[in-house]
Amino acid sequence: MAHCWHRGTCLSAIFTGWLLALLVPLIPALPSTSLDTLAGNSTSLAIPFSLPAPDIPTVIAWDKDLIILATGNFRPNFSVPVAEPYQPRFRVDPTSGSLNITALIPDDAGVYTVSLRPLGGTEQKANITLRVYEEVRDVSVSPSPAVAYEGDISLTLTCSPDLGSVTWTKDGQSLGEDPRFQLSGGSLKINYPQRTDAGSYRCTVSNPFSSGTGMASLTVYYGPDTPTISISLSGPDSEAKDFVLVNTSLNLTCQAPSQPPADISWIMADNQDHTVPSTANLPLASVQLNQAGTYSCLAFNERTNQRVRSTYLLTVAQRPTGSPSCSVASNESALLFVCSWPGGSPDPRLSFRGLPEDKEVTSPRLEQLVVPPFPAGLSGRNITCLASHLTGEKSCSIVPEAPSGVILLFQAFEDAGGMVTMEMRCQGTFNPAEIAWFRSGELLVPAAGDRYELSPDGTRLTIWNFTAPQDLGNYSATCSNPLGSQSTNLTVIGPTISEWTLSRGPDPGSASITWTVPSESAATSFRIQMQGPRQGRSASEWETVQVLGAANRSTTVPGLEPTSSYSFQVVPLLGLQAGNPSQVLTLQAGKLCRLRGRAWNNSFSNEVASITVCWPLEPYLKGLFFSF
């Protein structure tokens, strides 16, 4: 297409463009105005500068984007024809020189240039920018609805019709400065769509005469992400820990962000459990030890065709029974230290502190052997076992000790039939100890059905049906362990009274009796016998007024007559066997007597002595020391 600058002067479009490229930098900027119009209306482009005098011959020219629209004589004889392609909508006003345009169309928009060249004068030029807008209606966004996959290269939303400026919002908010969003005309390009890009997109097309909006929803498919498994406990012990106790109820929850939501399934730790739920929540009621293990959550997105898995290690714990127990035993010439804390799951960690070697095991039982030579100070040292379990920490202690202060103690018991059982105890400081018992120097080795019986720890010797004088005599015990040894002995004698006293009782007409027995004497009861006026039998016969147990060492005899004399004796017994009676002590009538007696011997003979010790009554009457 040729560009005609003056009538008869036409240049090709290529040459014209080249010429303008050279000339534009040299041409000064023209004054310019602008005008907004609506398609379909008419407008008039007025000359924005003063016109020459009416009598001066003047040439006028209008062009658009360097294309000649109309040119000719403006004054004094108006003759300005319009180029044929623009007839009849374009016309130059003969009076004002304005360019009138009717029935505006969008293609009429552009930069219009008007020039006036008066004869003998300076040419004047000006630019007028004409913007032609169409009425905005039926705005839409495509595609609608829009779908993208996270990780795609890009997604483009197009707003149409593009009849003005276009602005975009997402969920009612501006798009911000995210460089991934690129605007071009009526298009919005989203590079590398993300899940956060999903939402409602609205475009607004506006111009000075109208506006309109369109909307489309964008769904971004993604995931599933790697699942996260959380645990929640129910019941009083609901605090989150690294384990759960047996019989605790809990829920495992699997969360895997995904669009659309992922299908969830579980693989159970217990292979025998064939009930595999397909929900995000996995309830486990009253869990048991066999339910401990790895739980797998599988998430699948049918749109992205992605499948992921996550695992959770469930630890189920059983508290160990009670507290740990410590013991030490002889192992030939060595010492075997044992710490035990059974009943727990998983096994506790056990370790000794204070032994030459620190040893730790994960087991309900720890055994540690210490062989000679023993470290200095081991005897009497506090050895501690530290026990650690998921459910808590505890400890126990043991003190190994060489035997010292070893003594023998005994006690006799009588049953309802009068049969006597003797218990001898070896007592002292020792741990551990192996105790050997001897009778008259011979080792006692109890056998099944024998009258002799040893306690499991060997510290107690029981003799059934103990009788005198057969079972009386010397007993000894040797207590030993790898740290040392010590022996002790005891001679058991028959029931004997070593000393006793008779005095007034706390009430009138009563007598107080106290007695002692040798520490080596075996007695199970005591008979208090009396001779006096109340007896219905011969005055020489003894009446048993009280029978007391082995622990008694005093008594009061009430109901005596102040004017009568009374004699007393104490008879010790071993079961039904009576020992040697005490001396006879007498309360004489009319006198205050303070009496003390002593047995003659330890034998079971009937030979006794009678002693009466009296003081004059008168010096004591005022003090009421004793009266009947």
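For the structure, see preceding data.
In this report, the structure presented in the accompanying data block is examined. (Residues numbered from 1 in each chain as written. Predicted model: local features only at pLDDT ≥ 70, side-chain atom pairs only at ≥ 80, totals over all residues. Heavy atoms only, no water.)

**Remarks on the overall build of the protein chain**
Secondary structure summary: the protein chain contains two helices and 54 strands in total. Looking at the protein chain as a whole, 40% of its 628 residues qualify as buried. Excluding contacts between residues fewer than 6 apart, the proportion of contacts in the protein chain whose partners are at least 24 apart in sequence is 58%. Carbon and sulfur atoms make up 51% of the accessible area of the protein chain, which amounts to about 32700 Å² in all. (Helix = DSSP H or I, 4+ residues; strand = E, 2+ residues; numbered from the N terminus. Buried < 20%, exposed > 50% of the residue type's maximum accessible area, 1.4 Å probe, protein only. Contact = heavy atoms within 4.5 Å. Areas by Shrake-Rupley, 256 points an atom, 1.4 Å probe, with all protein chains shown as cover.)

**Things to note about the state of the cysteines**
Counted by the stated rule, this structure contains four disulfides. Two residues share a disulfide in this structure: Cys-326 and Cys-396, whose sulfurs sit 1.9 Å from each other. The sign of the 75° torsion about the S-S bond sets the Cys-326-Cys-396 disulfide as right-handed. Note that Cys-326 is positioned in strand 28 (residues 325-331) and Cys-396 in strand 34 (residues 392-398), a separation of 70 residues in sequence. A relative accessible area of 10% places Cys-396 in the buried class. Here Cys-339 pairs with Cys-385 through a disulfide, and the sulfurs are 2.0 Å apart. Sign of the S-S torsion, about -80° for the bond between Cys-339 and Cys-385, identifies this disulfide as left-handed. Residue Cys-339 is located in strand 29 (residues 334-340), and its partner Cys-385 is located in strand 33 (residues 383-389); the two are separated by 46 residues in the primary sequence. On the accessibility criterion, Cys-339 (0% relative accessible area) is buried. Residue class for Cys-385 comes out buried when judged on its relative accessible area of 0%. (Disulfide = S-S within 2.5 Å.)

**Things to note about the sheet that holds strand 8 (residues 99-101)**
The three strands are arranged 4-8-7 in an open sheet whose pairing can be described as antiparallel. Only two strands of the sheet have a single partner each, and these edge strands are strand 4 (43-45) and strand 7 (90-92). The average undirected angle you get between the axes of adjacent strands in this sheet is 25°. Note: strand 4 against strand 8, three bridges, orientation antiparallel. Across the sheet, residue Thr-43 finds its bridge partner in strand 8, namely Ile-101. (Pairing = 2+ DSSP bridges. Axes fitted to C-alpha atoms, helices over the stretch in contact; angles between N-to-C directions.)

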